[in-house]
Amino acid sequence: TQLLEQSPQFLSIQEGENLTVYCNSSSVFSSLQWYRQEPGEGPVLLVTVVTGGEVKKLKRLTFQFGDARKDSSLHITAAQPGDTGLYLCISGGYQKVTFGTGTKLQVIP
Amino acid sequence: NAGVTQTPKFRILKIGQSMTLQCTQDMNHNYMYWYRQDPGMGLKLIYYSVGAGITDKGEVPNGYNVSRSTTEDFPLRLELAAPSQTSVYFCASSSGALGTNEKLFFGSGTQLSVL
């Protein structure tokens, strides 16, 4: 079973700070997705990365896929209170989906 | 757009009671999933299905059962509720295996407490 370890598990920062969240596996990802979950809601897709070394940007969010496709990172620049939530990386593939352990982010105004 | 609909939103059970969590999707997705999320944690896969009549166990299937008689519906059954099953349950669907063009669509969750 592929395990996805996310770090840090919890993060509380002031508005305007930068942060990076990591997602690591001992196995190669076929593809990787990042989701954000706000309190009381289901997770919502942010981005999908497929190619090793790929970098995608979504406004203040930058997603990077490791060259070996075993790790990924999410960097947020100038965090806003609206970024507060649980960030999940998800590895997909045939038949089964594996979730990362999650990073709970709190951005304090 | 309905998407993935879960009912009920909240439920309190006594130990030993049974119940069914309903999940329906109107997107004609083949893949459906049930997850549980314990407080402050990520999601753990309970069961999944890749099409009508096909189901398989996930990471934490003990104490649960599922069926998939139609493409639209994927109910989750708890036969003998235990306090360890207190959690938030999410149903999700996708049209295929995750990749560049696929994503998971989630329901809004069912908060279950077993007392």
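So, a few notes on the structure that sits alongside this text.

### Remarks on unusual backbone geometry
With omega at -10°, the peptide bond leading from A:S7 into A:P8 counts as cis. Following B:T7, the chain continues to B:P8 via a peptide bond in cis, the omega torsion being -5°. Take B:P8: it is sitting in the loop between β1 (4-7) and β2 (10-13). Positive phi values are uncommon outside glycine, yet A:K59 reaches one of about 55°. Note on placement: A:K59 falls in the loop between β6 (55-58) and β7 (61-65).

### What to know about the sheet that holds strand β8 (residues 76-78) of chain B
Residues and elements named next belong to chain B. With antiparallel pairing, four strands are arranged side by side in an open sheet as β1-β3-β8-β7. What marks the edges here is a single partner per strand, and that holds for β1 and β7 (64-66). Geometrically, the sheet is characterised by an average inter-axis angle of 20° between neighbouring strands, direction not taken into account. Summarising the sheet, β1 and strand β3 (residues 19-25) pair through four bridges and their orientation is antiparallel. Across the sheet, residue T5 finds its bridge partner in β3, namely T24.

What counts, and at which threshold
Residues numbered from 1 in each chain as written. Chains lettered and ligands numbered in written order. Predicted model: local features only at pLDDT ≥ 70, side-chain atom pairs only at ≥ 80, totals over all residues. Heavy atoms only, no water. Helix = DSSP H or I, 4+ residues; strand = E, 2+ residues; numbered from the N terminus. Pairing = 2+ DSSP bridges. Axes fitted to C-alpha atoms, helices over the stretch in contact; angles between N-to-C directions.

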